[in-house]
Amino acid sequence: HARLMQAIEALKTLQSGLPLAAPAVAPSAAPQPADDPTALKLDELAEKYFLLKKVKQATVNSYRGAADELSAFLGNPRITRIAASDISRFQEYLANKGNGHRTIDNKTGALRALLGFAKKQGYMRQDNPAAGRSLMNKRQKSKGTWATFEQDELDALLSSAFFRERITDDTDYT
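Not measured: the values here are computed from a predicted model.

Rules of the game
Residues numbered from 1 in each chain as written. Predicted model: local features only at pLDDT ≥ 70, side-chain atom pairs only at ≥ 80, totals over all residues. Heavy atoms only, no water. Salt bridge = Lys/Arg side-chain N within 4 Å of Asp/Glu carboxyl O. Helix = DSSP H or I, 4+ residues; strand = E, 2+ residues; numbered from the N terminus. Axes fitted to C-alpha atoms, helices over the stretch in contact; angles between N-to-C directions. Parallel < 35°, antiparallel > 145°, perpendicular 65-115°, else oblique. Left-handed = near helix turned anticlockwise from the far one by under 90°. Contact = heavy atoms within 4.5 Å. Nonpolar A, V, L, I, M, F, W, Y, C, P; charged D, E, K, R; others polar.

Engineer: Mind showing me how you'd approach the pattern of salt bridges here?
Structural biologist: Working definition: two side chains of opposite charge can pair if their charged atoms are close together. All told, the structure shown has four salt bridges when counted by the stated rule. When the shortest N-O distance is used, the salt bridge between Glu69 and Lys97 registers 2.8 Å. With a gap of 28 residues between them, Glu69 in helix H3 (residues 57-74) and Lys97 in the loop between helix H4 (84-96) and helix H5 (101-121) connect regions that are remote in the sequence.

Engineer: What is the right way to read the packing of helix H2 (residues 42-52) against H3 from this model?
Structural biologist: When two helices pack together, their arrangement is given by the angle between the helix axes and by the axis-to-axis distance. Where H2 meets H3, the closest approach of the two axes is 9 Å, and the angle between their N-to-C directions is 165°. In terms of their interaxial angle, H2 and H3 are classed as roughly antiparallel. As H2 packs across H3, the resulting crossing turns out to be right-handed. Counted together, Leu42, Glu47, Tyr49 and Phe50 of H2 and Val60, Tyr63, Arg64, Ala67, Leu70 and Ser71 of H3 form the full contact between these two elements. Considered class by class, the residues forming the contact of H2 with H3 number seven nonpolar, one polar and two charged.

None of the figures reported here should be taken as evidence of function without further support.
Spelled out as structure tokens, the structure:
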């Protein structure tokens with residue numbers, strides 16, 4: 001707007017026949033882009049994703065949990081305001097909460113899928129901020145070991161009140 005007003009003043013000066021003075025241009029910080037009021041929030045994006053993609057309930061739960069956790073961490077921003085640095089800070093937050101590398105990668109992967117969908121569907125113009133944010137490569141993931149229960153841990157689990165109640169309620173439970 002300011003540049004347009006300067007151009008109009010310059011045209012008026014030219015038309016009046018007076019010599020042009022060099023315009024004083026004050027250096028200014030780049031203006032922050034205004035929030036697009038039509039941009040989706042993460043929970044809205046997730047619902048559109050689930051509507052158009054055929055995914056299992058476990059995937060729905062995982063993606064919704066990751067989206068809700070990021071929304072809570074960032075203060076529920078519109079997806080167009082999420083930057084790569086926000087994803088990095090979120091990963092650090094998860095690590096500080098005690099999440100393991102695999103869990104952090106799973107949550108980041110869910111966000112990468114949602115934000116990639118947003119990009120493909122035209123809900124956001126910028127690149128996917130979760131792209132390239134994996135902590136582990138494919139080899140590390142496949143090499144990783146899974147935790148297993150020891151016999152005494154299984155005995156304690158299966159003899160707990162929770163399981164005893166389920167067995168009495170449903171004989172097919174075990």
